[in-house]
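# Working through the structure, step by step
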Amino acid sequence: MNQIWIEKYRPANLSGIIGQKGNVEKLKSFVKTGDLPHMIFAGPAGTGKTTAAMAMAIELFGEAWKENFLELNASNNRGINVIRGHEDRDGRMDGMVSVKDYARIMPSNPRGFKIIFLDEADQLTPEAQAALRRTMEIYSTTTRFIFSCNYSSQIIPPIQSRCVVLRFRPIPDAELSEHVLEIAGNEGMKFSKESADAVADISNGDMRSAINLLQAAQYSGDYSPSKIYEIAGTAEVKEFDRVLIMALEHMDFKKTAELVDHLIIDKGLSGIDIVRGLHSALRRSGIEPLKKSEAIMAIADTEFRLVEGGSDKIQLDYLVSRLVRIGSQFN
Ligand SMILES: Nc1ncnc2c1ncn2[C@@H]1O[C@H](COP(=O)(O)OP(=O)(O)OP(=O)(O)O)[C@@H](O)[C@H]1O
Ligand SMILES: [Mg+2]
């Protein structure tokens, strides 16, 4: 049976989680006491937030974990409906399980509570979060909430103050690479340490994308590091290097802007893709430290402006201008 590896290799217990030591210890101690506080799991994608919540539910509830653990995603319905349940115009419920519906059901386990895991909770509007806070209070004896998000600052203060916050970190490259090698071995692939390091380099601490990349490599049948980069779509890696050299070493605005246009128009990359690609390329590069740190600041500014809604074209020209200036300052 073909199974996607991210599910096949999702650790079924807390001890199987890579990295996140402090968090795992805390969760184990909660399991030991048999009770949980409400929690916020904050951190980047693919670092084990959902996995840790599931593993904990399995350790707490055993076989019955599925009836006592509800995973809801806030982002496909950002408003209040996830919280209250949705009535259509004729007053019928639309069939989606809401937090409130689920919170009402009594737990079917001796612990006396069940877990609601709300993914992407930072995507909920403040109004929806306020409704959620009331639900938390009403059902606090029978329900524990775990909010998963990238940034805990997007969660309203009254919810934050009712929760223990656990921060999930990007998985360190060495541990990620080792885990990838282990899975490859288990799948009977002859996978080199160099290729595993390439996977780690590309994945930026995201174990989900690392495992997906490994599985894609298996389909392709070629496990060389260069093939790994190619599969990851980071054939652009070299092009990012070229942008940096053209701006920081040759200080040529026109040519750099053309290279960036090529990434947008021919490669279909977004402003954010380009900024992140340039960031990794810069981190990897041998560019001298002072120049590098100035350039990182320019990239960070641009990322912020893009996230705040600035236009791709203008912000990328802004970035290119700054990189060219940094190039000339330090030459
Ligand atoms: N710390 C980890 N240890 C071992 N495997 C992991 C870890 N983190 C992620 N994985 C692997 O990646 C897959 C996805 O991880 P998970 O669903 O826990 O990510 P997440 O942190 O919830 O991400 P998102 O923010 O996108 O929801 C898991 O099924 C597992 O295979
Ligand atoms: Mg998740």
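With that out of the way, let us pick up the packing of helix α13 (residues 253-265) against helix α16 (residues 312-329). Two elements in contact, α13 and α16, have axes separated by 10 Å at closest approach and are oriented at 145°. Crossing angle aside, the handedness with which α13 passes α16 is right-handed. Contact with α13, carried on its side by F253, T256, A257, V260, D261 and I264, involves K313, L316, D317, V320, S321 and V324 of α16 and no other residues of that element. Of the residues assigned to the contact of α13 with α16, the class counts are seven nonpolar, two polar and three charged.

Moving on to the packing of aromatic side chains. Inspection of every chain in the model, using the stated rule, returns six aromatic pairs. Ring geometry for F69 and F117: centres 6.0 Å apart, planes at 25°, overall stacked. Separated by 48 residues along the polypeptide, F69 in strand β2 (residues 69-73) and F117 in strand β3 (residues 114-119) bring together distant segments of the chain. By relative accessible area, F69 is classed as buried at 8%. Looking at F117, the relative accessible area reads 0%, which means it is buried. For the ring pair F191 and Y223, a centre distance of 5.7 Å and an interplane angle of 50° mean the geometry is tilted. Here the residue F191 occupies a position in the loop between α8 (173-186) and α9 (193-203), and Y223 occupies one in the loop between α10 (207-220) and α11 (225-231), the gap between them amounting to 32 residues. An aromatic cluster is built from W65, F69 and F117, whose rings are joined through pairwise contacts. It is R144 that lies over the ring of F113; its NZ or CZ is 4.6 Å from the centre.

Turning next to the sheet that holds strand β5 (residues 163-167). The strand order across the open sheet formed by five strands is β2-β3-β4-β1-β5, and the pairing between neighbours is parallel. A strand with exactly one partner marks an edge of an open sheet, and here the two such strands are β2 and β5. Here the strands of the sheet are splayed against their neighbours by 20° on average, with no regard to which way each runs. Relative to β3, β2 is paired through five bridges, and the arrangement is parallel. Note that in β3 the partner of E71 across the bridge is F117.

Along its sequence, the chain is organised into domain 1 (5-167), domain 2 (173-232) and domain 3 (235-329). Placing a centre on the C-alpha atoms of domain 2 and another on those of domain 3 gives a separation of 27 Å.

Interaxial distance between helix α14 (residues 271-284) and helix α15 (residues 289-307) falls to 10 Å at its minimum, and their mutual angle equals 160°. Classified by the angle between their axes, α14 and α15 sit roughly antiparallel to one another. You can see that α14 and α15 cross each other, and the crossing is left-handed. Listed contacts from α15 to G271, I272, V275, R276, L278, H279, L282 and R283 of α14 are K292, A295, I296, I299, T302, E303, L306 and V307. For the contact of α14 with α15, the per-class residue count stands at nine nonpolar, three polar and four charged.

About the cut-offs
- Residues numbered from 1 in each chain as written.
- Chains lettered and ligands numbered in written order.
- Predicted model: local features only at pLDDT ≥ 70, side-chain atom pairs only at ≥ 80, totals over all residues.
- Heavy atoms only, no water.
- Axes fitted to C-alpha atoms, helices over the stretch in contact; angles between N-to-C directions.
- Helix = DSSP H or I, 4+ residues; strand = E, 2+ residues; numbered from the N terminus.
- Left-handed = near helix turned anticlockwise from the far one by under 90°.
- Contact = heavy atoms within 4.5 Å.
- Nonpolar A, V, L, I, M, F, W, Y, C, P; charged D, E, K, R; others polar.
- Phe/Tyr/Trp six-rings, centres within 6.5 Å; stacked < 30°, edge-to-face > 60°.
- Buried < 20%, exposed > 50% of the residue type's maximum accessible area, 1.4 Å probe, protein only.
- Lys NZ or Arg CZ within 6 Å of the ring centre and 35° of its normal.
- Pairing = 2+ DSSP bridges.
- Domains from an automatic or database assignment.
- Parallel < 35°, antiparallel > 145°, perpendicular 65-115°, else oblique.

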